[in-house]
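Descriptive structure summary
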Amino acid sequence: MGVVAVVGSANLDTVYRVERIPTPGETVLATEVAVHPGGKGANQVIAASRAGADAVFIGAVGNDEAAEVLLGALSDAGVRRRVRRPDVRTGSALIVVDDSGENTIVVDAGANATLEHLAEEELDEARRADVVLLQLEVPMATVQTAASVAHGESQLVLLNAAPYAPLEQALLEQVDVLILNEHEAELAAGSLGSTDVAALLRAVPAVIVTLGGDGCEVVTADGRTRVLGRRVPVVDTTGAGDTFCGVLAATLALSSTRSHDAFVVAAERANAAASIAVQRAGAVPSIPLAEEIDELLRRAGSERGADRADQ
Ligand code: RIB
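Residues numbered from 1 in each chain as written. Predicted model: local features only at pLDDT ≥ 70, side-chain atom pairs only at ≥ 80, totals over all residues. Heavy atoms only, no water.

**Remarks on the overall build of the protein chain**
This is how the line gets drawn: The secondary structure listing takes helices from DSSP runs of H or I that are at least 4 residues long and strands from runs of E that are at least 2 residues long, numbered from the N terminus. When a residue's accessible area, from a 1.4 Å probe over protein chains only, is under 20% of the maximum for its type it is buried; when over 50% it is exposed; and in between it is partly exposed. Contacts between residues were defined by any pair of non-hydrogen atoms, one from each residue, lying within 4.5 Å.
What the protein chain contains, in helices and strands, is 10 helices and 14 strands. By principal-axis analysis of the C-alpha atoms, the protein chain measures approximately 45 × 45 × 40 Å. Here the protein chain, with 311 residues, has 55% of them falling under the buried criterion. Within the protein chain, contacts between residues separated by at least 24 positions form 67% of all contacts whose residues are at least 6 apart in sequence.

In structure tokens:
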């Protein structure tokens, strides 16, 4: 109980802080530059580990200094690693963050693009996990394979459809929980000819839509529950969605039930974690520990009734 396997990307993030994000053709000066470990897969597995899961990362980094930074960050967070080292450059991201904490990101996949044809030992990690968490920064065929081997009665397959790409029916059939932001949810529902995210329940058993500072919505056949956001001072939203996904996965892996309510409880913990992450700079450096998340939930416990609106 409590094992989360993440099959995904690792990037070295270079973050430029600016007053406002430049428009096309415009040059602006940065007020600060920093380099942090990141990548959706690495962020999510570190979030799962810090939230209390036995977390394992299946991914690829290159043979360069960036790889050492990422491997060190995974180890420091207590993540078990099954990481390939092809002779190519490590994935990287160029991130511009403005004064309101919003960002734009450009990713060079680098080694992440070589994570193909998962070996038996890599697949075994996914088979052994209680929760397998996937995103779309590694080849789609790899996401499909990992979802297929993990899809079973007692396991949960979580797919964070980011960065968004059209989702094949064959993949959705292997997914238990689809996690999207508002924009991605609109695109995914639109691909089924609907404007309502509930239409996605035709394809998957549960959908969780993250709404930034406005919290999230949990949608299953048993209901729609809105978890309200927390009003906090935002420093940097980079990695907040990944923190949400990793903490959600860890909480579900540690839970013995798979009910609508279990998803809501996990979403509340994930939402609290994301609200801490946005108050700090960087992706990996902003991810909170279980103690911080649970302390925030304890303090807010009395407000919980007011934070939920069952529809
Ligand atoms: O979700 C944030 C992440 O997206 C960054 O860490 C960056 O590497 C990109 O993968």
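**Re the sheet that holds strand E7 (residues 103-108)**
Pairing between sheet strands relies on hydrogen bonds along the backbone, with the strands arranged either parallel or antiparallel. Put simply, the rule reads: Strand pairing is assigned whenever DSSP detects at least two bridges linking the two strands. Fitted lines through C-alpha atoms serve as axes, helices being fitted only where they are in contact, and the angles separating the N-to-C directions of these axes extend from 0 to 180 degrees.
Read from one edge to the other, the open sheet built from 4 strands follows the order E3-E2-E6-E7, with strand pairing classed as mixed. Taken across any chain shown, the strands that pair with only one partner, and hence form the sheet edges, are strand E3 (32-38) and E7. With direction set aside, neighbouring strand axes in the sheet form an average angle of 20°. The sheet contact formed by strand E2 (residues 11-17) and E3 spans 7 bridges and is antiparallel. For Asn11, the partnering residue across the bridge sits in E3 and is Gly38.

**Notes on a nonpolar patch on the surface**
Test applied: Patches draw on residues past 30% relative accessible area with no salt bridge. Two like charges within 9 Å are joined, as are two nonpolar side chains (Val, Leu, Ile, Met, Phe, Trp, Tyr) within 5 Å. Computed by Shrake-Rupley with a 1.4 Å probe, the accessible areas treat only the displayed protein chains as cover when residues are assessed. Any Lys or Arg side-chain nitrogen located within 4 Å of an Asp or Glu carboxyl oxygen qualifies as a salt bridge.
Taken together, Tyr16, Val33, Leu94 and Val106 make up a surface patch of nonpolar side chains, about 350 Å² in accessible area. Within the secondary structure, Leu94 is located in strand E6 (residues 91-97). Judged by relative accessible area, which is 41%, Leu94 ranks as partly exposed.

**As for the pairing of E7**
By the bridge criterion, 6 bridges tie E6 to E7 in an arrangement that is antiparallel. What sits directly across from Ile95, in E7, is Ile105. Hairpin connection, E6 to E7: the antiparallel pair is bridged by 5 residues, and Gly101 has positive phi, about 90°.

**Examining the pattern of salt bridges**
Between side chains of opposite charge, a pair can form when the charged atoms approach closely. Counted under the stated rule, the structure contains 17 salt bridges. A salt bridge links Arg20 to Glu26, with the shortest nitrogen-to-oxygen separation between them at 2.4 Å. Its relative accessible area of 29% is what places Glu26 among the partly exposed residues. Three or more residues joined by partner-sharing salt bridges are found here, namely Asp54, Arg80, Arg82, Glu125 and Arg128.

**Let's talk about the nonpolar core**
Applicable threshold: Buried Ala, Val, Leu, Ile, Met, Phe, Trp, Tyr and Cys residues form a nonpolar core when they are joined through side-chain atoms within 4.5 Å.
Residues Ile46, Leu158, Phe244 and Leu248 are the most contacted members of the largest nonpolar core, which totals 52 residues. At 9 residues, the largest contribution of residues to this core is made by helix H8 (residues 260-277). In this structure, Phe244 is in contact with Ile179, Ile208, Thr210, Cys216, Ala267, Ala270, Asn271 and Ala274, ignoring residues within four places of it in sequence. Counting residues in hydrophobic clusters, the runner-up holds 39 residues, among them Leu115, Leu118, Ala126 and Ala203.

**A closer look at the packing of helix H7 (residues 240-253) against H8**
Convention followed: By definition, any crossing whose near helix is turned counterclockwise from its far helix by less than a right angle is left-handed, and any crossing with a clockwise turn is right-handed. Any residue outside Ala, Val, Leu, Ile, Met, Phe, Trp, Tyr, Cys, Pro, Asp, Glu, Lys and Arg is labelled polar, Gly included; the first ten of those are nonpolar and the last four are charged.
At their nearest, the axes of H7 and H8 sit 8 Å apart, and the two run at 145° to each other. Where H7 crosses over H8, the handedness of that crossing is right-handed. Touching Ala240, Thr243, Phe244, Val247, Leu248, Thr251 and Leu252 of H7 are Ala262, Phe263, Ala266, Ala267, Arg269, Ala270, Asn271, Ala273, Ala274 and Ala277, all from H8. Residue composition of the contact of H7 with H8, grouped by class: 13 nonpolar, 3 polar and 1 charged.

**Digging into the site of the ligand**
Put simply, the test is: It suffices for a single heavy atom of a residue to lie within 4 Å of a molecule or strand for the residue to be listed as near it. Throughout this description, a polar contact denotes any pair of N or O atoms lying within 3.5 Å of each other; where both atoms belong to protein, one of them has to be capable of donating a hydrogen while the other can accept it, and for residues adjacent in sequence the pair is counted only when both atoms sit in side chains.
Around the ligand, the surrounding shell holds 13 residues, and the nearest of these are Asp13, Gly39, Lys40, Glu137 and Asp242. Separating an oxygen atom of the ligand from a side-chain N or O atom of Asn11 is a distance of 3.1 Å. Here an oxygen atom of the ligand and a side-chain polar atom of Asp13 are 2.6 Å apart. Here the ligand has 280 Å² of accessible area as a free molecule, and 96% of this is covered by the chains. Looking at the shell around the ligand, the elements with two or more residues in it are E2, helix H1 (40-50) and E7. Across the shell around the ligand, the residue classes break down as 4 nonpolar, 5 polar and 4 charged.

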